[in-house]
Amino acid sequence: MGHPASTEKNKQNDPQQGDKKPLQERRAADDITLVKRSQNGDLEAYDELVRRYQERIYNIIYNMTANRDITDDLAQETFIKAFRAIKSFKGDSSFYTWLYRIAVNKTLNHIKNRKEGIAMSLNSVDINVENHPDLVSLINDKTPLREINLNEIQEKLNIALLKLSEKHRLVVIMHDVEGMSHDEIAKILDCNSGTVRSRLFYARQQLQQLLSDLLK
Amino acid sequence: MHNEQQDFERLIKLLSIKKFEKPADGYFDNFSSRVISKIENETQQDQESWLINIIRSIIKRPSYAAGFALIVIALAFAIMSPIKGGDIQPNKGFTQNNPWEIAQPTKSASSINGFNQLSSKIDETHNSSTNPVAPPDNKPDSLFKDTQNNPKIFILTKPVSYP
């Protein structure tokens with residue numbers, strides 16, 4: 001699964017950034033064409049937009065709720081709501097930012113309205129994660145991670161994330177999991193990047209405390 | 001920023017596991033078609049008239065039908081009640097200003113009293129030549145005056161004498 005929303009970190013480290021930018025611009029131009037067709041009721045065009053962003057929208061909702069059934073519903077509702085509101089899309093931001101905002105608001109509303117909380121129902125972890133360099137390095141560092149299986153780590157991680165407040169969870173997921181930049185997050189959340197940074201710092205501190213037994 | 005990254009380096013590595021949580025294989029193959037079919041269904045539903053929706057909901061839930069029937073009966077009663085009500089006070093009935101005002105029968109006054117009040121009011125106010133009930137402007141003097149009951153009074157005057 002790709003994470004095309006590039007981070008500032010990725011921009012600095014990625015030598016192919018120069019090649020990526022025109023591709024992103026082309027995609028944005030494509031988006032505008034598809035959006036215009038969708039605004040005229042062309043469902044084929046909208047189908048293409050759904051295919052483009054379905055994974056990213058799914059991921060943000062899933063990472064916020066940690067429940068695959070709720071995610072399925074909310075992801076569909078997001079695209080349905082976006083289609084109904086697409087005539088009001090003026091192109092002030094990219095279509096992706098606009099769509100992402102709908103998904104985030106929908107998810108936050110859902111979490112707020114469920115006073116009893118959301119039970120976890122996790123997707124299975126791709127087996128290839130064990131070869132991921134980040135995890136390999138963590139396990140080789142003689143940490144408690146060596147003795148715990150992957151599913152347990154996943155569960156502990158999700159429990160810790162759910163303990164954060166929504167605004168802090170959202171920022172840490174968007175930045176550290178989805179790989180979005182501070183500015184992108186600020187645009188989506190309609191706040192300044194300083195707020196994003198401070199929320200991110202606080203969220204990481206909290207997570208570090210909550211996961212201290214794994215990070216010793 | 002760099003220190004910040006170092007401080008949380010292990011945490012960020014751990015969070016990378018989240019990127020590998022995936023839905024079941026093939027989940028995204030038919031996701032868009034599900035979304036599009038839902039949009040099509042909703043659009044079709046919107047186009048159906050509201051009346052069909054009411055009838056459909058009544059058929060689905062009998063309690064709605066009972067509620068609907070109650071509303072109809074209540075409306076019928078509301079319309080019929082001013083016609084059935086018998087004791088309408090003439091001077092307090094349907095007024096010119098508000099013809100829909102429902103007349104309320106008074107507890108003390110009967111309909112006859114009400115009529116009398118009405119006629120006396122007409123006497124007082126309507127005195128035109130076209131109104132047969134109106135009293136004439138100049139009442140002629142009676143030809144048969146009762147002089148016995150009304151004797152003439154004579155006042156005798158005397159010159160005052162001072163001693």
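> Whenever I open this one, the overall build of chain B confuses me. Can you help?
What chain B contains, in helices and strands, is six helices and one strand. Listing every helix and strand of chain B by position from the N terminus yields α-α-β-α-α-α-α. Within chain B, buried positions represent 17% of all 163 residues. For chain B, the computed accessible surface area is about 13,800 Å², with 59% contributed by carbon and sulfur atoms.

> Quick question: what am I supposed to make of the interface of chain B and chain A here?
Interfaces are often described in size by the accessible area the parts lose on coming together. Taken together, the 33 residues of chain B in the interface contact 54 residues of chain A. In total, chain B and chain A occlude about 4,400 Å² of area from one another, counting both sides; carbon and sulfur atoms represent 65% of this. Of all the secondary-structure elements, those providing two or more residues to the side of chain B that touches chain A are helix H1 (2–7), helix H2 (9–15), strand E1 (21–22) and helix H3 (31–47) of chain B. Of all the elements, H3(B) adds the most residues to the side of chain B that touches chain A, at 11 residues. Considering only residue class, the side of chain B that touches chain A consists of 15 nonpolar, four polar and 14 charged.

> Can you walk me through empty space enclosed by the protein in this structure?
One simple way to see leftover space: roll a probe sized like a water molecule over the atoms. All names here are of chain A. Enumeration according to the criterion identifies two cavities of 30 Å³ or more in this entry. Size it by volume and the second largest cavity reaches roughly 30 Å³. Lining of the second largest cavity is provided by Tyr96, Thr97, Met180, Glu184, Lys187 and Ile188. Elements supplying a minimum of two residues to the lining of the second largest cavity: helix H5 (95–113) and helix H9 (182–189). Ranked by the residues each element gives to the lining of the second largest cavity, the list is headed by H9, at three residues.

> In this structure, what is going on with the confidence of the model for chain B? I would like to understand it.
Atomic detail in the predicted coordinates should be set aside for any region of low pLDDT. Residue and element names in this part refer to chain B. Within chain B, residue pLDDT values average 70, and 44% of them lie at 70 or more. The least confident element of chain B is helix H6 (residues 111–125), whose mean pLDDT is 53; the most confident is E1, at 90. Note that residues 107–111 has pLDDT below 50 and, in this model, zero contacts with residues that lie over four places away or in other chains.

> What is the right way to look at the pattern of salt bridges in this model?
Where charged atoms from two side chains of opposite charge approach closely, those side chains can pair. One pass over the full model with this rule turns up 13 salt bridges over all chains. Linking Lys18(B) and Glu21(B) is a salt bridge whose minimum nitrogen-to-oxygen distance equals 3.3 Å. Judged by its relative accessible area of 1%, Glu21(B) falls in the buried class. Residues participating in the shared-partner salt-bridge network are Asp30(A), Asp31(A), Glu48(A) and Arg52(A).

> What is the right way to read the side chain of Gln76(A) from this model?
Here Gln76(A) is to be found in helix H4 (residues 68–85). Leave out the neighbours within four places in its chain, and Gln76(A) touches Phe31(B), Arg34(B), Val35(B) and Lys38(B).

> Would you take a moment to explain the packing of aromatic side chains for this structure?
Enumeration over the complete set of coordinates arrives at 15 aromatic pairs over all chains. Taking 5.7 Å as the distance between ring centres and 80° as the angle between the ring planes, the aromatic pair formed by Phe201(A) and Phe8(B) counts as edge-to-face. Here Phe201(A) is found in helix H10 (residues 193–210), whereas its partner Phe8(B) is found in the loop between H1 and H2 on a different chain. By relative accessible area, which is 3% here, Phe8(B) ends up buried.

> I'm lost on a nonpolar patch on the surface in this one. Help?
Among the surface-exposed residues, Ile54(B), Phe68(B) and Val72(B) lie close enough to one another that they form a single nonpolar patch of about 250 Å² accessible area. Note that Phe68(B) resides in helix H5 (residues 62–84).

> Can you help me understand H9(A) in this one?
For an α-helix, 3.6 residues make a turn, and residues three or four places apart therefore share a direction. Residue and element names in this part refer to chain A. All buried positions along H9 are accounted for by His182, Ile185, Ala186 and Ile188. The buried side chains of H9 occupy one side of the element, clustering within an arc of 165° when seen end-on. Backbone geometry just after H9 places Asp190 at a positive phi near 60°.

> Can you help me understand the packing of helix H3 (residues 43–65) of chain A against helix H8 (residues 166–177) of chain A in this one?
Helix packing for two helices is described by the angle between their axes and how far apart those axes are. All names here are of chain A. Running from amino to carboxyl end, H3 crosses H8 at an angle of 135°, the nearest separation of the two axes being 10 Å. In terms of orientation, H3 lies oblique with respect to H8. Considering how the two elements wind past one another, H3 and H8 form a crossing that is right-handed. Within the contact between the two elements, H3 uses Ile60, Asn63 and Met64 and H8 uses Glu166, Arg169, Leu170, Ile173, Met174 and Val177. Within the contact of H3 with H8, the residues separate by chemical class into six nonpolar, one polar and two charged.

Cut-offs used in this document
Each chain carries its own residue numbering, running from 1 in the direction its sequence is written. Chain letters and ligand numbers both follow the written order, the letters beginning at A and the numbers at 1. Thresholds applied to this predicted model are a pLDDT of at least 70 for local features of residues and 80 or more for the giving and counting of side-chain atom pairs; totals over whole chains, interfaces and linings are not thresholded and use all residues. Hydrogens and waters are ignored; side-chain quantities use all the structure's heavy atoms. Secondary structure follows DSSP: runs of H or I at least 4 residues long count as helices, runs of E at least 2 residues long count as strands, and numbering of each begins at the N terminus. Working definition: with a 1.4 Å probe on protein chains only, accessible area under 20% of the residue-type maximum means buried, over 50% means exposed, and in between means partly exposed. Reported accessibility uses the Shrake-Rupley method at a 1.4 Å probe radius. Residues are deemed covered only where the shown protein chains occlude them. Residues count as neighbours in contact if any of their non-hydrogen atoms are within 4.5 Å of one another. Buried area, as used here, totals the accessible surface that two parts lose on assembly, with accessibility defined by a 1.4 Å probe and the loss added over both. The nonpolar class holds Ala, Val, Leu, Ile, Met, Phe, Trp, Tyr, Cys and Pro. Asp, Glu, Lys and Arg form the charged class, and all remaining residues, Gly among them, are polar. Points on a 1 Å grid, built from protein atoms alone, make a cavity when a 1.4 Å probe fits but cannot get out and make a pocket when they are open with protein on both sides within 12 Å along at least 5 of 7 lines; residues with an atom within 4 Å of a point are the lining residues. Grid points are joined across faces, edges and corners, and a volume is the space filled by probe spheres set on the points. Residue-level confidence of the predictor is summarised by pLDDT, bounded by 0 at the bottom and 100 at the top. Whenever a carboxyl oxygen of Asp or Glu lies within 4 Å of a side-chain nitrogen of Lys or Arg, that contact is scored as a salt bridge. Put simply, two rings from Phe, Tyr or Trp (the six-membered ring, in Trp's case) pair if the centres are within 6.5 Å, and we call them stacked under 30 degrees between planes, edge-to-face over 60, tilted for the rest. Exposure above 30% relative accessible area and no salt bridge define the residues that can form patches, which grow by joining like charges within 9 Å and nonpolar side chains of Val, Leu, Ile, Met, Phe, Trp and Tyr within 5 Å. To obtain the arc, one takes the directions from the helix axis to the C-beta atoms. Axis definition: a line fitted to C-alpha atoms, over the contacting stretch in the case of helices. Angles run 0 to 180 degrees between N-to-C directions. Angular relationships are summarised with four words: roughly parallel below 35 degrees, roughly antiparallel beyond 145, roughly perpendicular across 65 to 115, and oblique for the angles in between. Each crossing gets its handedness from the near helix: less than a right angle anticlockwise from the far helix is left-handed, clockwise is right-handed.

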